[in-house]
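# Close look at the chain arrangement
Now for the letters of each chain:
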Amino acid sequence: MAKKSLFQEFTKGIIKENPVLCLVLGTCPTLAVTTSASNAIGMGVAATAVLVCSNAVISALRKFIPDKVRIPAYITIIAGFVSIVQMLVKAFAPAINDSLGIYLPLIVVNCIILGRAEMFAGKNPVLPSILDGLGMGVGFTAALLCMGIIREFFGSGSLFGMQIMPIQILIFILPPGGFFVFGMLIMLANKLNSRAGKKVKSSPCDGCPMSENCDAKTCDKPAKEATSNAD
């Protein structure tokens, strides 16, 4: 796979196919843990680690897992990595473990992780699958962090636990405020994607398997010759 394609596999999950803001997946932990920026980073890093590791293992074993039991096999692999991540968080970041609560072990059933395993890792080689998981994890973490910063700043007047302003708008740390910030970020992501789509210009060689090895002028040559012969 070309370097450009590998780069695209990594970057697509950040804006173009952001799992939270564009695909609207994993909304339950997104709304639940983003009352503070530190919780958002903790959940994002944990989910990213599980995504990358599970994608790598599932991709490596994709030819050996029978099709009839692929979903139970995927869930078992994901659950194993979630258990490892949970033990590491308990050992080295007990405060984050207490803050995330039940949502940390529930990464097992996060539809982002299972979705990438089913749609990508189970059908592609190991390296692209790792980059896909890393890109989706970065996009997931970025979305959580944006929500966490906004909700903590306006709701508690603090940022990463440090008090910044005395004014507190409590609705931002309540569910209605979470939905409001979520909707605003989705709107912003759609705007960015629409602008990026307008900048992409179509080419007459789009879809041609030989487009990378030929010149556009040579592609137009047969068409011009056919037109002149017809005249």
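Rules of the game
- Residues numbered from 1 in each chain as written.
- Predicted model: local features only at pLDDT ≥ 70, side-chain atom pairs only at ≥ 80, totals over all residues.
- Heavy atoms only, no water.
- Salt bridge = Lys/Arg side-chain N within 4 Å of Asp/Glu carboxyl O.
- Helix = DSSP H or I, 4+ residues; strand = E, 2+ residues; numbered from the N terminus.
- Buried < 20%, exposed > 50% of the residue type's maximum accessible area, 1.4 Å probe, protein only.
- 1 Å grid on protein atoms, 1.4 Å probe; cavity = no way out; pocket = protein on both sides within 12 Å on 5 of 7 lines; lining within 4 Å.
- Points joined across faces, edges and corners; volume = space filled by probe spheres on them.
- Nonpolar A, V, L, I, M, F, W, Y, C, P; charged D, E, K, R; others polar.
- Phe/Tyr/Trp six-rings, centres within 6.5 Å; stacked < 30°, edge-to-face > 60°.
- Expected span 1.5 Å × (residues − 1).
- Contact = heavy atoms within 4.5 Å.
- pLDDT = per-residue confidence, 0-100.
- Axes fitted to C-alpha atoms, helices over the stretch in contact; angles between N-to-C directions.
- Parallel < 35°, antiparallel > 145°, perpendicular 65-115°, else oblique.
- Left-handed = near helix turned anticlockwise from the far one by under 90°.
- Polar contact = N/O pair within 3.5 Å; in protein donor to acceptor, adjacent residues only side chain to side chain.

The next point concerns the pattern of salt bridges. Side-chain pairing between opposite charges can occur once the charged atoms of the two side chains come close. Per the counting criterion, the structure on display carries five salt bridges. Two residues, Arg70 and Glu118, come together in a salt bridge whose shortest N-O distance is 3.0 Å. Remark: Glu118 occurs in helix H6 (residues 111–121) and Arg70 occurs in helix H4 (residues 70–92); sequence separation between them is 48 residues. On the basis of relative accessible area, Arg70 is assigned to the partly exposed category, the value being 25%. Asp132 is the partner of Arg116 in a salt bridge, and the nearest nitrogen-oxygen pair spans 2.8 Å.

As a further point, take the layout of surface pockets. Each pocket or cavity is described by its volume, and for the largest pocket that value is around 340 Å³. Lining the largest pocket are 10 residues, with Gln8, Thr11, Lys12, Lys16 and Glu17 sitting closest to its centre. Of all the elements in the fold, those that place two or more residues in the lining of the largest pocket are helix H1 (3–11) and helix H8 (175–199). Here the residues of the lining of the largest pocket are counted per class, giving three nonpolar, four polar and three charged. There is about 160 Å³ of room inside the second largest pocket. Lining the second largest pocket we find Ile14, Ile15, Asn18, Leu21, Gly139, Ala142, Ala143, Cys146, Leu185, Leu188, Ala189 and Leu192.

Let's shift gears to the packing of aromatic side chains. In this structure the tally under the stated criterion is three aromatic pairs. With a centroid separation of 6.4 Å and 75 degrees between ring planes, the pair formed by Phe172 and Phe180 is classed as edge-to-face. Each residue in the set Phe153, Phe154, Phe172 and Phe180 is aromatic and connected to the rest through ring pairs, giving one cluster.

Within the secondary structure, Phe179 is located in helix H8. When the C-alpha atoms of Phe179 and Thr27 are compared, they prove to be 9.8 Å apart, with 152 residues separating the residues in sequence.

On to H4. With 23 residues, H4 should cover 33 Å at 1.5 Å per step; its first-to-last C-alpha distance of 33 Å lies within 8% of that length. Taken as a whole, H4 has its buried residues at Ala73, Tyr74, Ile77, Ile78, Val82, Val85, Gln86 and Val89. On its buried face, H4 is in contact with helix H3 (37–60), helix H5 (94–100) and H6.

Let us now look at unusual backbone geometry. One non-glycine residue, Val24, lies in the positive phi region at around 50 degrees. The residue Val24 is located in the loop between H1 and helix H2 (27–33) in this model. The partly exposed category is assigned to Val24, whose relative accessible area is 43%. With a phi angle near 55 degrees, Phe160 is a residue other than glycine that sits in the positive phi range.

Further remarks concern the side chain of Asn97. Mapped onto the elements, Asn97 comes out in helix H5. Beyond its immediate stretch of four places on either side in the chain, Asn97 contacts Gln86, Val89, Lys90 and Leu104.

What follows is about the confidence of the model for the protein chain. Counting all residues, the mean pLDDT for the protein chain is 84, and 83% of those residues have values of 70 or more. Across residues 220–228, where pLDDT falls below 50, the model places zero contacts with residues more than four positions away in sequence or in other chains.

Helices that pack against each other are described as a pair by the angle of their axes relative to one another and the distance between those axes. Two elements in contact, H4 and H6, have axes whose closest approach is 10 Å; the angle formed by their N-to-C orientations is 130 degrees. Taken together, H4 and H6 sit at an angle that is classed as oblique. The two elements H4 and H6 meet at a crossing, and its hand is right-handed. Together, Arg70, Ile71, Tyr74, Ile75 and Ile78 of H4 and Ile113, Leu114, Ala117 and Glu118 of H6 make up the contact between the two elements. Along the lines of polarity and charge, the residues of the contact of H4 with H6 split into seven nonpolar, no polar and two charged.

Moving on: the environment of Arg70. As a C-alpha pair, Arg70 and Glu118 span 48 residues in sequence and 8.4 Å in three-dimensional space. Beyond its immediate stretch of four places on either side in the chain, Arg70 contacts Ile65 and Glu118. Among the polar contacts made by the side chain of Arg70, one reaches the side chain of Glu118 at a distance of 3.0 Å.

Its location among the elements puts Gly26 in the loop between H1 and H2. Spatially, the C-alpha atoms of Gly26 and Asn110 are 6.0 Å apart, while their sequence positions differ by 84 residues. Contacts of Gly26, omitting those with residues within four sequence positions, involve Asn110, Cys111, Ile112 and Phe140.

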